[in-house]
2 protein chains.
Amino acid sequence: MNQNIERISRILINNNIKPSFQRIKILEYLLENKKHPTVDEIYVSLHPEIPTLSKTTIYNTLNLFLESGIVRALNIESSESRYDPITDQHGHFKCDHCGSVYDFPVNFENIKSNKFLEGYEVKEKDVILKGICKHCKEN
Amino acid sequence: MNQNIERISRILINNNIKPSFQRIKILEYLLENKKHPTVDEIYVSLHPEIPTLSKTTIYNTLNLFLESGIVRALNIESSESRYDPITDQHGHFKCDHCGSVYDFPVNFENIKSNKFLEGYEVKEKDVILKGICKHCKEN
DNA sequence: AAATAAAAATGTAACAATTACAAAAAAAGT
DNA sequence: ACTTTTTTTGTAATTGTTACATTTTTATTT
């Protein structure tokens, strides 16, 4: 447990972010539960452990993480942003029925090799699929 | 001009949508200016010609179009939805600098052939790239 | 260790996109 | 022409997010 906190602190420090308690907990949550949570989900999950936690802090922290590039925002649904720690490249499948967001591997090379994008500097890529997931199909 | 309206009326009728003036104008705007406009952009553009036009009508109409599948919503930025008439499949490149959204062709077959998505019903696909566009690069 | 300065966290209010809802206007049916 | 249904409209409510001032915590200096 303590080792985990040290590991996460190191990630923050490496990105020039002071490892405060809240920041550690928020990043830990993102890394442990790879659920692409919304701000509200983070808040509800961490609030029991950190009763003074404010949503503004979560917003501030996530924006800080975004600037440093340790997380990225997923705008799958227009009504809410979800947050994803940046690891390997992958696409996202959102189930219209249960609302879950699943990761799946994507070969971005096929997309990049495109004449139409010559001269364009691509910084961020995402593949978003929507539909009904396997689990919902089966029920 | 009149032919255009007839053409657009027919699209609506084919999708079981009564071709009211507002609906025709909104769909016409989407089809003519392929700019992936926001609701506000549609409103500002059509308001001079239709002074009584209400944003609620635009929202209602777009939701109607979404249900019928003649347009789809692009959630590139979390703060706003953009709307795109459905034609051929293509990806979207959004320039972080000038804000423009460019279309580019995408071969979705490369993405679909994926073991991880077996059993999943994919209804909607999008590839979203962000970065700096050619025009902004040159300046 | 106490005092001071700087950074981070917090709560409230403001904001903007969207939706809910009821009333007004227009269109369709009788 | 009258009634019913559909469409449009304006206002108010809702929700995710940001702005901002205050409080708390952390770091620095004496």
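Computed from a predicted model, the values in this text were never measured in an experiment.

Basis of the calculations
Residues numbered from 1 in each chain as written. Chains lettered and ligands numbered in written order. Predicted model: local features only at pLDDT ≥ 70, side-chain atom pairs only at ≥ 80, totals over all residues. Heavy atoms only, no water. Least-squares fit on C-alpha atoms with pLDDT ≥ 70 in both. Contact = heavy atoms within 4.5 Å. Near = heavy atom within 4 Å. Polar contact = N/O pair within 3.5 Å; in protein donor to acceptor, adjacent residues only side chain to side chain. Nonpolar A, V, L, I, M, F, W, Y, C, P; charged D, E, K, R; others polar. Core = buried A, V, L, I, M, F, W, Y, C linked by side-chain atoms within 4.5 Å. Buried < 20%, exposed > 50% of the residue type's maximum accessible area, 1.4 Å probe, protein only. Helix = DSSP H or I, 4+ residues; strand = E, 2+ residues; numbered from the N terminus. Salt bridge = Lys/Arg side-chain N within 4 Å of Asp/Glu carboxyl O.

### Some thoughts on the relation of the copies chain B and chain A
Part 1 of the reasoning: For the pair chain B and chain A, the best superposition has an RMSD of 0.1 Å and corresponds to a rotation of 180 degrees with a translation of 0.0 Å parallel to the axis. Accordingly, the operation relating the two chain copies is best matched by a two-fold axis. By C-alpha distance to the rotation axis, the residue of chain B lying nearest is B:V127, at 2.2 Å.
Part 2 of the reasoning: Most of the interface of chain B is mirrored in chain A, where 100% of its interface residues are also at the interface.

### Remarks on the protein's contact with DNA strand D
Part 1 of the reasoning: Near DNA strand D, the surroundings consist of 15 residues, among which A:Y59, A:S79, B:S20, B:T52 and B:T57 are the closest.
Part 2 of the reasoning: Across the atoms of DNA strand D situated within 4 Å of the protein, the share located in sugar and phosphate is 81%.
Part 3 of the reasoning: Measuring from a phosphate oxygen of DNA strand D, one finds a backbone N or O atom of A:S81 at 3.1 Å.
Part 4 of the reasoning: B:R23 places a side-chain nitrogen or oxygen 3.0 Å from a phosphate oxygen of DNA strand D.
Part 5 of the reasoning: For the surface near DNA strand D, the residue count by class is two nonpolar, eleven polar and two charged.

### Observations regarding the nonpolar core
Part 1 of the reasoning: Grouped together as the largest cluster of nonpolar side chains are 24 residues, with contacts concentrated most on A:F93, A:F104, A:V127, B:F93, B:F104 and B:V127.
Part 2 of the reasoning: Contributions of two or more residues to this core are made by strand 3 (90–95) and strand 5 (121–132) of chain A together with strand 3 (90–95) and strand 5 (121–132) of chain B.

### Some details on the side chain of B:S81
Part 1 of the reasoning: Mapped onto the secondary structure, B:S81 falls in strand 2 (residues 80–85).
Part 2 of the reasoning: A relative accessible area of 15% places B:S81 in the buried class.
Part 3 of the reasoning: Polar side-chain contacts of B:S81 include one of 3.2 Å to the side chain of A:S78.
Part 4 of the reasoning: One polar contact links B:S81 to B:N75, side chain to side chain, over a distance of 3.1 Å.
Part 5 of the reasoning: Contact partners of B:S81, with chain neighbours within four places excluded, come to A:S78, B:P37, B:T38, B:V39, B:L74 and B:N75.

### Here we look at the pattern of salt bridges
Part 1 of the reasoning: A full pass over the atoms with the stated rule returns 20 salt bridges over all chains.
Part 2 of the reasoning: With a shortest N-O distance of 2.6 Å, A:E121 and B:K137 are connected by a salt bridge. Of this pair, A:E121 sits in strand 5 while B:K137 sits in helix 6 (residues 134–138), on two different chains.
Part 3 of the reasoning: Residue classification places A:E121 among the partly exposed positions, given a relative accessible area of 30%.
Part 4 of the reasoning: Given the relative accessible area of 43%, B:K137 is considered partly exposed.
Part 5 of the reasoning: Overlapping salt bridges bring together A:K25, A:E28 and A:E49 as one network.

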